[in-house]
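Observations on the model geometry
Here's the letter readout for the chains.
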Amino acid sequence: DGGITQSPKYLFRKEGQNVTLSCEQNLNHDAMYWYRQDPGQGLRLIYYSQIVNDFQKGDIAEGYSVSREKKESFPLTVTSAQKNPTAFYLCASSGAGLRGDTQYFGPGTRLTVL
Amino acid sequence: QKEVEQDPGPLSVPEGAIVSLNCTYSNSAFQYFMWYRQYSRKGPELLMYTYSSGNKEDGRFTAQVDKSSKYISLFIRDSQPSDSATYLCAMSGRGTSYGKLTFGQGTILTVHP
């Protein structure tokens, strides 16, 4: 059963802590993405990766870091430098060829800073 | 000015109504258009994908693109309570940004019985 998994579903963090959100896909997609979603603001791109060992900043990368050591995995670390990290985080992936820009999303992780 | 503008609503309609959801865009490079549906606390799922001006129909859903006016629409016929969700438009252009999408803010739709 192909798809994208994100864990955990809910995450609570104390101020000053780094946390890492997991994203795994078994769709054999080259590209992976991280978005942040806040009420009334749609999806904002944090980071994306088009190939293993390479990634680019999106529109709101400050306070976040990523790695892409494997094709299947694209973890996101929310650092203590992120001033307002409470949000819903979505991971997505896309493949090549026709409709290669179509992104498929995971179920999301809701991060709350206490 | 945002590249993609979408009325956030909220939009509330009775069951059976025809729903019209709209997005406008300013970037002429956008050539591919998508509509996603997102249920509360879930990830978005792709509903429609179009890349040419005109209409594309899939069951109760019709996607319409007017590139000359930079305007896209999603129509839902015979709306059902299960259609209650946030609808996001998304767009991409040809170029080096592989698969990068620009999203609208999303429209919250409620269909009441």
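Residues numbered from 1 in each chain as written. Chains lettered and ligands numbered in written order. Predicted model: local features only at pLDDT ≥ 70, side-chain atom pairs only at ≥ 80, totals over all residues. Heavy atoms only, no water.

Digging into the confidence of the model for chain B
Overall, the predicted model of chain B reaches an average pLDDT of 91, with 95% of residues at or above 70. Here strand β10 (residues 102-103) of chain B stands out as the element of chain B with the lowest mean pLDDT, 91, in contrast to strand β8 (residues 71-76) of chain B, whose mean of 97 is the highest. (pLDDT = per-residue confidence, 0-100. Helix = DSSP H or I, 4+ residues; strand = E, 2+ residues; numbered from the N terminus.)

Comments concerning the sheet that holds strand β6 (residues 54-58) of chain B
Residues and elements named next belong to chain B. Overall, antiparallel pairing links the 5 strands, which are arranged β1-β3-β8-β7-β6 in an open sheet. Only two strands of the sheet have a single partner each, and these edge strands are β1 (4-6) and β6. In this sheet, neighbouring strand axes are inclined to one another by 15° on average, regardless of whether the strands run parallel or antiparallel. Relative to strand β3 (residues 19-25), β1 runs antiparallel, the two sharing 3 bridges. Residue pairing for β3: valine 4 is matched across the bridge by tyrosine 25. (Pairing = 2+ DSSP bridges. Axes fitted to C-alpha atoms, helices over the stretch in contact; angles between N-to-C directions.)

Quick look at the nonpolar core
Judged by nonpolar contacts, the single largest core of 24 residues is most densely connected at Trp35, Ile72, Leu74, Tyr87 and Met91 of chain B. Those residues within four positions of leucine 74 of chain B in sequence are excluded, and the remaining contacts are Val19, Ser20, Leu21, Trp35, Leu47, Met48, Phe61, Thr62, Ala63 and Tyr87 of chain B. Judged by nonpolar contacts, the second largest core, of 19 residues, contains Leu21, Met32, Ala61 and Tyr89 of chain A. (Core = buried A, V, L, I, M, F, W, Y, C linked by side-chain atoms within 4.5 Å. Buried < 20%, exposed > 50% of the residue type's maximum accessible area, 1.4 Å probe, protein only. Contact = heavy atoms within 4.5 Å.)

Section: a nonpolar patch on the surface
A contiguous nonpolar surface patch, about 370 Å² in accessible area, is contributed by Tyr10, Phe12 and Leu114 of chain A. Note that phenylalanine 12 of chain A resides in strand β2 (residues 10-13). (Patch = residues over 30% accessible without salt bridge, like charges linked within 9 Å, V, L, I, M, F, W, Y side chains within 5 Å. Areas by Shrake-Rupley, 256 points an atom, 1.4 Å probe, with all protein chains shown as cover. Salt bridge = Lys/Arg side-chain N within 4 Å of Asp/Glu carboxyl O.)

Here we look at the packing of aromatic side chains
Going through the model one piece at a time under the given rule, you end up with 14 aromatic pairs over all chains. Taking 5.7 Å as the distance between ring centres and 40° as the angle between the ring planes, the aromatic pair formed by tyrosine 35 of chain A and phenylalanine 105 of chain A counts as tilted. Here tyrosine 35 of chain A, found in strand β4 (residues 31-37), pairs with phenylalanine 105 of chain A, found in strand β10 (residues 104-105); they are 70 residues apart in sequence, far enough to count as distant. The exposure class of tyrosine 35 of chain A is buried, given its relative accessible area of 1%. For phenylalanine 105 of chain A, a relative accessible area of 12% corresponds to the buried category. Taken together, a centroid distance of 6.4 Å and an interplanar angle of 40° make the contact between tyrosine 32 of chain B and tyrosine 49 of chain B tilted. One end of the pair, tyrosine 32 of chain B, is in strand β4 (residues 30-38); the other, tyrosine 49 of chain B, is in strand β5 (residues 45-50), and 17 residues separate them in sequence. Like tyrosine 49 of chain B, tyrosine 32 of chain B is buried. Three or more aromatic residues joined by ring pairs form one cluster here, namely Tyr33, Tyr35, Tyr48 and Phe105 of chain A together with Tyr36 and Phe103 of chain B. (Phe/Tyr/Trp six-rings, centres within 6.5 Å; stacked < 30°, edge-to-face > 60°.)

Concerning the sheet that holds strand β3 (residues 19-25) of chain A
Working definition: the strands of a sheet are paired by backbone hydrogen bonds and lie parallel or antiparallel to each other. Residue and element names in this part refer to chain A. What the 4 strands build is an open sheet, ordered β1-β3-β8-β7; its pairing is antiparallel. The outermost strands of the open sheet, each flanked by one partner alone, are β1 (4-7) and β7 (64-66). Taking the axes of each pair of neighbouring strands and ignoring which way they run, one obtains an average angle of 20° across the sheet.

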